[in-house]
Amino acid sequence: MKKHIPNSITLLNVFCGCVATIFAVMNRLELAALFVALGIFFDFFDGLAARVLNVKSELGLQLDSLADMITSGLVPGIIMFQLLAMSQTDGWGDGSHFFMETGEVKFMHLLPFFGFVVTMASGYRLAKFNIDENQTSSFIGLPTPANALLILSLPLILLYQNNDIINGIILNKWFLIVLTLVSAYLLNCSLPLFALKFKNTSFKDNALRYIFIIISLVLIVTMHFMAIPVIILFYVVSSFVQDKF
């Protein structure tokens, strides 16, 4: 029975991704973000359970990536779609903001569909990850859960931190287009990024991990949701510096 425990946890990730998808389509982005966060929580613990129980399997690896494709691939794409749609109307909508009116005729905005570049890039990354044997102790490119958190932070900043300048930046279509392209690049670039996996508790062996966790906690306490993009940027930059030096 114990070999099914990690897969059952992974299926909870699938469930959270499905619920998040529904809320994202309904433009309830704060609830979508909540269920994606729950899905990422289960995504972390399914791997931990597999290692603790020593029941790693090829099925578990494939199932994990399929779950991530929903929670950390599809949902961020829908959220980027929603943000790009809002950038065309300068406001929060209920679904009608997908359309623009010309006289009596309604035409669908095409720009929001560009957001699904995130989903396509996530799918490509996850497929590569499944056949890459070099990503055991570190990552090559930005992991899909980290990328999902980056995109999910945007509507949370809009909803809960309500700064006119920042709102104007987030709802600028050019900012969202560039972010989509940067996101797709980071997912599939060849930059090694450190993983938060501790083989021991030694500070010397895990200095960067400890520093990253401490700084991240300070940023979250002081900046709240605005800390998430800063943390992701710090993660990429610190990994780049570690790789070079």
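Residues numbered from 1 in each chain as written. Predicted model: local features only at pLDDT ≥ 70, side-chain atom pairs only at ≥ 80, totals over all residues. Heavy atoms only, no water.

**Q** Which residues make up the nonpolar core, and what values do they have?
**A** By size, the foremost hydrophobic cluster in this structure holds 51 residues, and its most contacted members are Val36, Ile79, Leu83, Leu142 and Tyr235. Within the residue set of this core, elements represented by two or more residues are helix 1 (4–25), helix 2 (29–53), helix 3 (58–89), helix 5 (144–160), helix 7 (173–188), strand 4 (192–194), helix 8 (207–223) and helix 9 (227–244). Looking at which element gives the most residues to this core, the answer is helix 5, with 9 residues. Apart from residues no more than four positions distant in its own chain, Leu142 is found in contact with Arg125, Asn147, Leu186, Leu187, Leu193, Ile232, Tyr235 and Val236. (Core = buried A, V, L, I, M, F, W, Y, C linked by side-chain atoms within 4.5 Å. Buried < 20%, exposed > 50% of the residue type's maximum accessible area, 1.4 Å probe, protein only. Helix = DSSP H or I, 4+ residues; strand = E, 2+ residues; numbered from the N terminus. Contact = heavy atoms within 4.5 Å.)

**Q** Please give an account of a nonpolar patch on the surface that cites residues and values.
**A** On the surface, a nonpolar cluster with roughly 550 Å² of combined accessible area is contributed by Leu233, Val237, Phe240, Val241 and Phe245. Assignment of secondary structure puts Phe240 in helix 9. (Patch = residues over 30% accessible without salt bridge, like charges linked within 9 Å, V, L, I, M, F, W, Y side chains within 5 Å. Areas by Shrake-Rupley, 256 points an atom, 1.4 Å probe, with all protein chains shown as cover. Salt bridge = Lys/Arg side-chain N within 4 Å of Asp/Glu carboxyl O.)

**Q** With reference to specific residues and values, describe the pattern of salt bridges.
**A** One pass over the structure, following the stated rule, counts 1 salt bridge. Salt-bridge contacts for Glu30 lead to Arg28; the nearest nitrogen and oxygen are separated by 3.0 Å.

**Q** Account for the packing of aromatic side chains, with residues named and values stated.
**A** Applying the stated criterion to the full structure yields 11 aromatic pairs. Note on Phe41 and Phe42: the rings are 5.7 Å apart at their centroids and 70° apart in plane angle, and the pair reads as edge-to-face. (Phe/Tyr/Trp six-rings, centres within 6.5 Å; stacked < 30°, edge-to-face > 60°.)

**Q** Kindly report on helix 3, identifying the contributing residues and their values.
**A** Relative to the 46 Å expected for 32 residues at 1.5 Å per residue, helix 3 spans 46 Å between its end C-alpha atoms, a close match to the ideal helical length. Considering bend angle alone, the principal kink of helix 3 is centred on Met69 and spans about 35°. (Expected span 1.5 Å × (residues − 1). Bend = angle between axes of the 7 residues up to and from the residue.)

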